[in-house]
Amino acid sequence: MIGATVQGPKTTYGSIVELIDVSVVNIKKSIVKVDSLSIDTLPKAGGEVIAYLTNKGEGVDVKIPEEAESWLSIKSINTKNGTSTVVFKANANKGGAFYFEPKK
């Protein structure tokens, strides 16, 4: 996970918090990097996508967001010597296009 610690004033517009003239105190870099994916586009019939990762530490923990659980699952996770592969399985698309953007 990437994170930052900032100090300074903030204001709120409805449910949106805006930081104003803040100072960055600390930046925590991600310990996982996505090197590549096995395919660029998932066919309408569904299928598998393999994510090739480089990681620091003991491996990776992958969670599927609740809004994607009906069509996306994790088939397997394998970790060895600082690299991991995560195999995702996507169900066939019986409706329109899937729109999913991972949280950053």
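Note: the structure precedes this text.
These notes cover the structure that comes with them. (Residues numbered from 1 in each chain as written. Predicted model: local features only at pLDDT ≥ 70, side-chain atom pairs only at ≥ 80, totals over all residues. Heavy atoms only, no water.)

### Examining the overall build of the chain
Point 1. Each helix and strand counted, the chain has zero helices and eight strands in total.
Point 2. When the helices and strands of the chain are placed in sequence order, the string is β-β-β-β-β-β-β-β.
Point 3. Per-residue burial for the chain yields a buried fraction of 14% across its 104 residues.
Point 4. Within the chain, contacts between residues separated by at least 24 positions form 40% of all contacts whose residues are at least 6 apart in sequence.
Point 5. Taken as a whole, the chain presents about 8400 Å² of accessible surface, with 54% of it coming from carbon and sulfur. (Helix = DSSP H or I, 4+ residues; strand = E, 2+ residues; numbered from the N terminus. Buried < 20%, exposed > 50% of the residue type's maximum accessible area, 1.4 Å probe, protein only. Contact = heavy atoms within 4.5 Å. Areas by Shrake-Rupley, 256 points an atom, 1.4 Å probe, with all protein chains shown as cover.)

### Details of the pattern of salt bridges
Point 1. The tally for this structure, following the rule as stated, stands at three salt bridges.
Point 2. Two residues, Lys33 and Asp35, come together in a salt bridge whose shortest N-O distance is 3.6 Å.
Point 3. Residue classification places Lys33 among the exposed positions, given a relative accessible area of 52%.
Point 4. Using a relative accessible area of 38% as the deciding quantity, one classes Asp35 as partly exposed.
Point 5. Across the pair Lys63 and Asp61 runs a salt bridge whose closest N-O atoms are separated by 3.2 Å. Pair check on accessibility: Lys63 and Asp61 agree, each one exposed. (Salt bridge = Lys/Arg side-chain N within 4 Å of Asp/Glu carboxyl O.)

### Some details on the environment of Ile39
Point 1. For Ile39, the location among the structural elements is in the loop between strand E5 (32-37) and strand E6 (47-55).
Point 2. Residue classification places Ile39 among the partly exposed positions, given a relative accessible area of 28%.
Point 3. As for Ile39 and Ala51, which are separated by twelve residues in sequence, their C-alpha atoms are 9.1 Å apart.

### What about unusual backbone geometry?
Point 1. Residue Asn81 is not a glycine yet carries a positive backbone phi of 50°.
Point 2. Tracing the backbone through its elements, the reader meets Asn81 in the loop between strand E7 (72-80) and strand E8 (83-90).

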